[in-house]
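Given next are the chains, with one letter for each unit.
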Amino acid sequence: MKVVHIINSMATGGAEKLLYDAVPELNKKGVPTDLLLLKGGEHIFLKELRHHKNFKIHIISDGTVYNPLLIFKLMRYLKNYDIAHVHLFPALYFVAIAKILSFSKIKLVFTEHSTTNKRRNVVLYTWTDKFIYARYEVLITISTEVKLFLKKHLGKTHNTFRTINNGVNVSSFQDAEKTQRSDFSIPENHTIIIHVARFTPQKDPATLVRAIPYLEYPTTVLFVGEGGERKKIETLVSELDLEQSVKFLGMRNDVPRLLKMADVAVLSSNHEGLSLSSLEAMASGTPLVASSVTGLKNLVHGAGILFNHKDEIDLAEKINLLINNKMLYTETVITGAKRVQKFKLKSMVQAHIALYNELCPNQN
């Protein structure tokens, strides 16, 4: 049995981080698994994956991932694999169409990573989505919430759904050695808040920036990630005269060490599927403060602190409460560490392997 994971690129994001962890692990478990990207690029995840020698990385373009001609490039790869496990749009569409045009017998699996997307607000996509999703043998959803929202979108469907929660390498975060704050010139009396996410409207980093003036203690906020909204957030920081309180670190390959150094992790998203950043914070022992929204509310409740969506004052109050209340702080660390035990990378990979074996029972 040969598997290929197909995704748009290895730019920063939860799905990309998932493959960064999962593809090497699948190969370690004896499942030959390659990676195919619609677009290359000098991304940290891709650079790190190139060091692995036991699987192939196919890159079929350096241009836009929305070029429909990529469908024809995909066709020649499908014949080399038994299963294509696909992630994100437009790879979702292109792989399905490539299978139709090539008359390939490859089994298609798609992982839905979010509770919503822009397509679901467009009537035309409602119909095309139903057609495309129907080409996939199994639709994996990363949480029950994601499954419910997708089923509502597709309506009456014969699709097979399987919920497989995201997983993280818990020990790599638990055992990480923390980065020294002196490496970033952060004063010893500063509270360190870390935000690990893409700069996109979905992640809403602006709410965290607006919360800074309401914090009771000297604070340094570390933004880890890249994205199209970064310039907008940098402008907001400047407008609020907060340059001395915010550092933009870009993409990093030392997130476990940064989380260990931080006092509080914040995720202020508008919605999530099953946030890897949240799980990584819990695994590192850094208490998490997250927005009370779909995809975070159930995950964080009882294992972190929830604040009212887009309410920077409530966010600041929840951070102040954590810092002021040592008992609450310790309790949040403990409950977070307990919650993340349910979301281990090993369990996720084993569930994927079990599914692959069901789809190709005679090719092990």
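Scroll up a little and you will see the structure.
The present account deals with the structure reproduced in this document. For clarity, every value in this text was computed on a predicted model and none was experimentally measured.

### Description of the pattern of salt bridges
Inference 1: According to the stated counting rule, one finds 17 salt bridges in the structure shown.
Inference 2: Between Lys-17 and Glu-280 there is a salt bridge, with the nearest N and O atoms lying 3.3 Å from each other. Taken together, the residues Lys-17 in helix H1 (residues 14–28) and Glu-280 in helix H11 (residues 276–284) connect sequence positions 263 residues apart. Like Lys-17, the residue Glu-280 is buried in the burial classification.
Inference 3: Put simply, Lys-99 and Glu-137 hold a salt bridge, and the shortest N to O gap is 3.6 Å. You can see Lys-99 sitting in helix H4 (residues 91–102) and its partner Glu-137 sitting in the loop between helix H5 (123–133) and strand S6 (138–141), a full 38 residues away along the chain.
Inference 4: By relative accessible area, Lys-99 is classed as buried at 16%.
Inference 5: Overall, Glu-137 belongs to the partly exposed group, its relative accessible area being 27%.

### Remarks on the nonpolar core
Inference 1: Membership of the largest hydrophobic core comes to 56 residues, with the highest contact counts inside it found for Ile-83, Ile-194, Leu-288 and Val-300.
Inference 2: Excluding anything up to four places from it in sequence, Leu-288 contacts Ala-265, Val-266, Leu-267, Ser-278, Ala-281, Met-282, Val-300, Gly-304, Ile-305 and Thr-332.
Inference 3: Counting residues in hydrophobic clusters, the runner-up holds 31 residues, among them Val-4, Leu-70, Phe-110 and Tyr-136.

### Looking at the pairing of strand S12 (residues 288–291)
Inference 1: Of the two faces of S12, the one carrying Leu-288 and Ala-290 and the one carrying Val-289 and Ser-291 are both buried.
Inference 2: Where strand S11 (residues 264–267) lies against S12, three bridges are found, and the strand directions are parallel. The partner of Ala-265 across the bridge, within S12, is Leu-288.
Inference 3: For the segment spanning S11, H11 and S12, crossover handedness is right-handed.
Inference 4: Judged from the three bridges that link them, S12 and strand S13 (residues 305–307) form a sheet pairing that is parallel. Residue pairing in the sheet places Ala-290 in a bridge with Leu-306 of S13.

Conventions and cut-offs
Residues numbered from 1 in each chain as written. Predicted model: local features only at pLDDT ≥ 70, side-chain atom pairs only at ≥ 80, totals over all residues. Heavy atoms only, no water. Salt bridge = Lys/Arg side-chain N within 4 Å of Asp/Glu carboxyl O. Helix = DSSP H or I, 4+ residues; strand = E, 2+ residues; numbered from the N terminus. Buried < 20%, exposed > 50% of the residue type's maximum accessible area, 1.4 Å probe, protein only. Core = buried A, V, L, I, M, F, W, Y, C linked by side-chain atoms within 4.5 Å. Contact = heavy atoms within 4.5 Å. Pairing = 2+ DSSP bridges. Right-handed = clockwise from strand over helix to strand, strands pointing away.

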